[in-house]
Amino acid sequence: MFSSTPRATPVRNLCLTLVVVCSAFLSSSFGQHPFPTSRADISRSGANTNETLLTPANVSKNSFGRLFSFPVDYVVMAQPLYMPNVNISDQGTHNVVYVVTEMDSVYAIDADTGAQLWYASMLDGGTTASGTYLPCGHGPGFTQEGITSTPVIDPATNTMYLVAKTVLNGAVRHELHAIDITTGNEQAGSPVLITATSTSNAGHVTVFNSKHQKNRPGLLLLNGVLYLGFGSNYCNDGNSGWVLSYDAASLSQLAVFNTSPDYGLTSIWQAGVGLAAVADGDIFNIFVETAEAGGNGFDVPSGGQTYCNSVLKLSSDLTVADYFTPWSVAFLNSHDLDLSSTGALILPDQDGPYPHELIASGKQGIVYVLNRDNLGMFSANDSQVLQEVALEPGTANDVLFGSPAYWNNTVYFAPNASPLMAFPLSGGLLGTPRKTSASYAGSHSPSISANGNSNGVLWAITGQLLAFDAVSLKLLYTTNQAPNGRDTLPPIGHFVTQTMADGKVFVGTKNSLEAYGLFHVVTVTGGNAQAATVATTLAAPIQVQAANPYNGQPDVGATVSFSDGCKPGTTSCGTFNPNPAVTDANGNASTTYTVPQKAGTYTLTISGTGFGNVTTTATATPGPATRIIAYGGAKQTAAAGSNLANPVIAQAQDAYKNGVSGITINFTANKGAVPSPSSVVTDANGLARTTLQLPTTVSTVTVTASSTGLKNMIFLEYSVAGPAANVAITSGNNQFGPAGTQLLQALTVLVTDQYGNPVPGNGVTFDDGGAGGTYSYANPGVTSNSGTVTQFYTLPQSPGIITITAAATGVAAPAIFTETAQ
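Note that the structure is a prediction, hence the values are computed from the model and not measured.

Sorry, what's going on with the pattern of salt bridges here?
When the charged atoms of two side chains with opposite charge come close together, those side chains can pair. Inspection of every chain in the model, using the stated rule, returns 10 salt bridges. Note that lysine 504 and aspartate 112 form a salt bridge whose closest N and O atoms lie 2.8 Å from each other. One end of the pair, lysine 504, is in strand β39 (residues 504–508); the other, aspartate 112, is in the loop between β7 (105–110) and β8 (116–121), with 392 residues separating them in the sequence. Across the pair arginine 173 and aspartate 124 runs a salt bridge, and its minimum N-O distance is 3.9 Å. Here aspartate 124 lies in the loop between β8 and β9 (129–130) and arginine 173 lies in strand β13 (residues 171–180), a separation of 49 residues in the sequence. The exposure class assigned to aspartate 124 is partly exposed, which follows from its relative accessible area of 39%. Salt bridges here are not isolated pairs; linked through shared partners, they connect Asp124, Arg173 and Glu175.

Honestly, the sheet that holds strand β64 (residues 781–782) in this entry has me stumped. Any pointers?
Strand pairing in a sheet is mediated by backbone hydrogen bonds. Such pairs are either parallel or antiparallel. Spatially, β60-β68-β67-β62-β64 is the arrangement adopted by the 5 strands of the open sheet, whose pairing is mixed. Edge positions in the open sheet fall to β60 (736–737) and β64, since each of these has one partner strand only. Relative to strand β68 (residues 815–821), β60 runs parallel, the two being bridged by 2 bridges. Residue phenylalanine 736 lies in a different strand from β68, and its bridge partner there is threonine 820.

I'm lost on the environment of glutamine 693 in this one. Help?
With respect to the helices, strands and loops of the structure, glutamine 693 is situated in strand β56 (residues 687–693). For the pair glutamine 693 and threonine 52, spaced 641 residues apart in sequence, the C-alpha to C-alpha distance is 71 Å. In contact with glutamine 693, other than residues within four places in its own chain, are Gly641, Ser642, Asn643, Ala673 and Val674.

How do you make sense of the nonpolar core when you look at a structure like this?
General note: in soluble globular proteins, nonpolar side chains tend to be found buried as a group. Counting 60 residues, the largest nonpolar core has Val59, Phe64, Tyr98, Val106, Leu162, Trp459 and Val505 as its most contacted members. In this structure, Ala255, Ala277, Val288 and Tyr307 belong to the second largest nonpolar core, which totals 22 residues.

I tried to follow the pairing of strand β52 (residues 648–653) on my own but got confused; where do I start?
Along a regular strand, successive side chains alternate from one face of the sheet to the other. With respect to burial, β52 is a largely interior element, 6 of its 6 residues being buried. Side chains Val648, Ala650 and Ala652 project from β52 onto one buried face, and the interleaved Ile649, Gln651 and Gln653 project onto a second face that is buried too. Pairing of strand β50 (residues 627–632) with β52, which is carried by 5 bridges, proceeds in the antiparallel orientation. Its bridge partner lying in β52, glycine 632 is registered against isoleucine 649. In this structure, β52 lies alongside β56, joined through 4 bridges in antiparallel fashion. What sits directly across from valine 648, in β56, is threonine 690.

Criteria and cut-off values
- Per chain, residues are indexed from 1 in the order of the written sequence.
- Thresholds applied to this predicted model are a pLDDT of at least 70 for local features of residues and 80 or more for the giving and counting of side-chain atom pairs; totals over whole chains, interfaces and linings are not thresholded and use all residues.
- Side-chain figures throughout are based on the complete set of non-hydrogen atoms in the structure, without hydrogens or water.
- Salt bridges are defined as contacts in which a side-chain nitrogen from Lys or Arg sits within 4 Å of a carboxyl oxygen from Asp or Glu.
- Segments assigned H or I by DSSP are reported as helices when at least four residues long, segments assigned E as strands when at least two residues long, and all are numbered from the N terminus.
- A simple rule labels every residue: compare its accessible area, found with a 1.4 Å probe on the protein chains alone, to the largest value its type can have, and call it buried under 20%, exposed over 50%, or partly exposed in between.
- The rule for pairing is simple: two strands pair if DSSP sees at least two bridges between them.
- Whether two residues touch is decided by their heavy atoms; if any such pair falls within 4.5 Å, the residues are in contact.
- Throughout, nonpolar core names a set of buried Ala, Val, Leu, Ile, Met, Phe, Trp, Tyr and Cys residues whose side chains join them through atoms within 4.5 Å.

In structure tokens:
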């Protein structure tokens, strides 16, 4: 029965906080609660409301992730189960997670360390079903079938009940096992071969044939009786839907129910969700959902017994107490839209006229709110239904493959390729849903972890494990968020469901059990948020204490790494000593930090291989000023008498070129230029700014920035002529000459700005008013560097007095020449 021990792959994690521990430390006797059955309870709520550790605040990639990965021998389809404080034979007390596989194997794994505690095989001399013994092939994702359904644990007797499929001597068989959870050994009288026969009202006899049956729904343990549900292997090939009951103590069969004793099919799958049950007073009832029919389809109203695509209410003796069948049953049958893609959810008592309700649905994604005191059987247009809600209106196929979850008066659904939805309940009816911001393909049954009605976290699997705030539906975490594949969920089986128990989340995959939980907690106990002068060591070491979030015990020998996020080879790199550090017997570790040469506040990350991260800060302040530099505003050019467009900026720097604040810098200028202000105290970046008014003359201005004890810094600025304001004749006026000849003296004008500074490059146009004279040079002309422009003028052919204007661009009044042609 026992084998060599596979080793889990551990991931040591530290969740780090600055002042307060990120997750409450608990003693070793904190309130642990079992997870002994499918979906946490017999109502199949999918909610663990005893979760005191996991909260929306700490479920994030920085504080939550993979704790270990335990290898198993084949595909896990069943939901992992959890039992705290189990006294394992010869190994002491452990918190244990139990996993079963399609290889007919059962593993007991330490839920805290990932170590194997025991292993048991349920082959009982046979082999798993495969090849011709698995007639529907490998559509569900496995080629060998062993244990498919979720077992159930009786905490009172430390017994796990499970159904194993095997092949012995060429015959496929199902066996019901009762095993001791402390050893893996079979209990007395275990296993028993599962057999069943039904006889319809019409006299048709059906014999249970394991080759064509799959025990997919989770087992139900109710009032000392086990209830098992069966459907087809995957296709419809000679199966029927069955519910069988057994005495949990003796394993003797008590009752048999066939969902379609005349025609078969009508499977019970429920995406693995367990058969639901409730005690209404002293009466216990079981609720199942069925799939499509064979033969003539739904025939119950006419006296038949084919309860296809129906919700059945069975008495404890497996007689039909009531049922609900949608008015669209014929359409569901013909379009493969099974109700049994989901299981029933029993709601707690509701306000309103119908206190006892359940939620049912199916592939089509139509949700039925039903009165479980009167399911209503089959009525035109579903008049007996309290409420119908289409999760995806207009979509008819493959919407829902998993049951909803219930928490805090809210029903949660995870439709395929849709947002997750949270429907509030009021008066027993579903209200307007809240939805996640994104859609998710392949969603499985959602679950809730919460501490009573607070700190709810919504969990779902879509190929990755997702966590949402159960109230706001804000995404908190996915197994794809952490870098380097730290938390990546391996490939999973059909419709697997996560288990949340005592601060951890367990997921069975095609080859492993993955355990996710809180990383080790590190508190910064000293040296937080210090400051030091650049390139010097902080006054106090950075001190941390590491502990296990599940028991509060010190984390001894943990390697803690420190980083300031710098780029190697730059002045933004500080140094830690030691780095990494290892925690001592009390979980303490410390390091000193020499701040970088570059001033600033640095984020220090405390982490390690596979650890979550947390941050603190250290500030590097500038050293004393050692020089002044020209930071900005040098070599500007502006019009004489005006202010420079940009300020003249000096910076006081330390030896590492960091700006130094609080330094008085004085500005002076020559040539009559005026800095304003003339004395400035450097700001937080070490900068001092002044505005310079240039002199009214054209000149090169020297601005000097000085400070006591520091070398002066020189800025050169340029005062140039401003816009043209005047044009005046400098030569060539009042000349005489023979008509048709060139005047002896050139016509010359000077263009100046408002301060009399010559303006170069200014256009000047000469114009004789149409007298007929000509010009030797290009007209208009452009003033030279001295502000002048010269033009030779040839008089017109006719004698007379000629008026010639010289108009300068930008100047209102031209210069006027008067010349005479004789």
